[in-house]
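# A look at the structure
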Amino acid sequence: MTQRRMHLVAYLKTGPTANHPGAWRHPEADLDDIFEPARYEHIARVLEAACFDACFFADTFGLPDIHGGNFDAYLRLGGQISYLDPLMILPQMARVTRHLGLGATLSTTFSNPYYLARTLASLDMVTKGRAAWNVVTSATDLEARNFGMDGIPPKDQRYDRGDEVLEACTALWDSWDDDPFVLDREKGVFIDPAKVRYTDFAGRFVRSRGPLSIPRTPQGRPVFLQAGASERGREFAARWAEMIFCTPHSKADTIAFHDDIKSRLARHGRPPEACKVLPSFAVVVGETEAIAQEKYAYLQSLIDPEAQRMLNSSLIGADLTRHQTAEEVARAQGNQGISGSHDRVLQLMAQEKLSFAEAASKPRDLLVGTGEGIADQLEDYFTAGACDGFIIWPTVFPRMFEDFCRHVVPVLQRRGLYRTEYRGATLRENLRRP
Ligand SMILES: Cc1cc2nc3c(=O)[nH]c(=O)nc-3n(C[C@H](O)[C@H](O)[C@H](O)COP(=O)(O)O)c2cc1C
């Protein structure tokens, strides 16, 4: 029997901060190239050299202003802000790579299917079949207001619309048959019009006549990535997602999430391998265990406690300067909040006997150790059946990814747990043949 292999996907931001609110202050964090394509081209090369399946840009369509009721803290303390539009950056990353999957976050709540289908088909075309879509329904009023709404709609309604948007996009992507080009110069026939048809999609929330103006792409549709954790979000993921990423607090919580998603896949008539479950981690790698611990202590010392609470205000969708208890937070959220992030705080409260406010102020755990030690921890999750691989998110950028690729990936490869070369031509093929 061939050995089961894991998947690796990098979480990126077009800004200096991901989930560690102090890492940008580290002397080794690059800050002067945030608006330079070279920053993103470099990371694409690093990830491809280590055979990562893909990278994707997490994204928010607005400047977070939940914490304290304004955006001051987010700007001052260097919060997780998406500066550049990733759709401008991904094609540049495609130019310097051949295999790495390239993903964008786009919202089914704010965008119409024609725009989404065309944009993502274009990305799949110019990347030669490497496009991924982090399908989000979005979770904040501040974003909704940027798109002309009074607030974010209720979650079930967002997911109902999300289902329809994906049905409409799929119909649009299928509005062209394969091989439509005739390119007969003599007869003057460019494309066979019989290979293109109207879509005529009409749902409760969205309508689109089609056809799409772009032919069928190498993958037919982008790989769907999703991160819903609510009951409705998990059902949505089970129907559509090919990768789902999550943030449970412990290994036991991750196993429970994994098993839940896999049983839902079965109910949707999909095999377990159709959707990869990928918990997310960041790492601190040291030449020795003691050096790693010292680096970790230094990195954590860079977190301003206010910056940690600010990050959680955004993720949970409630102002943590005003609301202290789980009940207050639940009341203040309205339709806002990312269930996976909220669940994580509740899991931390239960396991470490903390108050809600204490748990929401605690930085996320990082994997700390030598390359071998970190590989042990990843292998432990993987072989325990908690996941199919990992989302790796950055602390000190790009240094942490460079460390991970240099010190951890080769160990995983030596152990036969990770590929040493790409086997597929597209991202979807690489996901099927790790
Ligand atoms: C680890 C993680 C990362 C996420 N990244 C994004 C993101 O980049 N942009 C976004 O709009 N939503 C993001 N989300 C939100 C989800 O995609 C989803 O829309 C939201 O969690 C609401 O659904 P839920 O309550 O079912 O989780 C993320 C969620 C999790 C758990």
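It should be noted that the structure appears before, not after, this text.
The sections below set out a description of the structure shown in this document. Computed from a predicted structure; not experimentally measured.

Attention shifts here to unusual backbone geometry. Cis geometry is found at the peptide bond from Gly210 to Pro211, where omega equals -10°. For the bond running from Phe397 to Pro398, omega is -5°, close enough to zero to count as cis. Mapping Pro398 onto the fold places it in the loop between β14 (389-392) and α15 (399-414). Positive phi, close to 50°, is recorded for Asp200, a residue that is not glycine. For Asp200, the position within the fold is in the loop between β6 (189-191) and β7 (201-202). Looking at Asp200, the relative accessible area reads 56%, which means it is exposed. Even without being glycine, Lys353 reaches a positive phi, approximately 55°. Checked against the element boundaries, Lys353 lands in the loop between α12 (339-352) and α13 (356-361).

Packing of helix α3 (residues 86-95) against helix α4 (residues 113-126) brings their axes to within 9 Å, and their N-to-C directions diverge by 20°. Relative to α4, the element α3 lies roughly parallel. In the crossing of α3 with α4, the sense of the turn from one axis to the other is right-handed. Residues Leu87, Leu90, Pro91 and Ala94 of α3 form the contact with α4, whose participating residues are Tyr115, Thr119, Leu123 and Val126. Classifying every residue of the contact of α3 with α4 by side-chain character gives seven nonpolar, one polar and no charged.

Turning to the sheet that holds strand β1 (residues 7-12), a few remarks are in order. Within the closed barrel, the eight strands sit side by side as β1-β2-β3-β4-β9-β10-β11-β14. Their pairing is parallel. Ignoring strand direction, the axes of neighbouring strands in this sheet form an average angle of 30°. Bridge count for β1 against β14 is four bridges, and the pairing is parallel. Counted as the bridge partner of His7 is Gly389 from β14. Along the sheet, helix α6 (residues 155-173) contacts β4 (131-136) and β9 (223-226); its crossing angle with β4, the most-contacted strand, is approximately 155°. Each of β4, β9 and β10 (243-246) is contacted by helix α7 (residues 231-240), which is oriented at about 165° to β9, the strand it contacts most.

Conventions and cut-offs
- Along each chain, numbering runs from 1 in the same order as the chain's sequence is written.
- In keeping with the predicted nature of the model, local features appear solely for residues at pLDDT of at least 70, side-chain atom pairs appear and are counted solely at 80 or more, and the whole-chain, interface and lining totals rest on all residues.
- Water and hydrogen atoms were dropped before computing side-chain values, which therefore reflect all heavy atoms in the structure.
- Under the scheme used here, helices are H or I runs from DSSP no shorter than 4 residues and strands are E runs no shorter than 2 residues, and both carry numbers assigned from the N terminus.
- Exposure classes here rest on a 1.4 Å probe applied to the protein chains alone. A residue is buried below 20% of its type maximum, exposed above 50%, and partly exposed in between.
- Axis geometry follows a simple rule: fit a line to the C-alpha atoms, using only the stretch in contact for helices, then measure angles between N-to-C directions, giving values from 0 to 180 degrees.
- Roughly parallel refers to an angle under 35 degrees, roughly antiparallel to one over 145, roughly perpendicular to one between 65 and 115, and oblique to any angle outside these ranges.
- Helix crossings are classified by the rotation of the near helix relative to the far one: an anticlockwise turn of less than a right angle makes the crossing left-handed, while a clockwise turn makes it right-handed.
- Residue contacts are defined here by distance: any two heavy atoms, one from each residue, within 4.5 Å place the two residues in contact.
- Put simply, Ala, Val, Leu, Ile, Met, Phe, Trp, Tyr, Cys and Pro go in the nonpolar bin, Asp, Glu, Lys and Arg in the charged bin, and everything else, Gly too, in the polar bin.
- A strand pair is defined by DSSP finding two or more bridges across the two strands.

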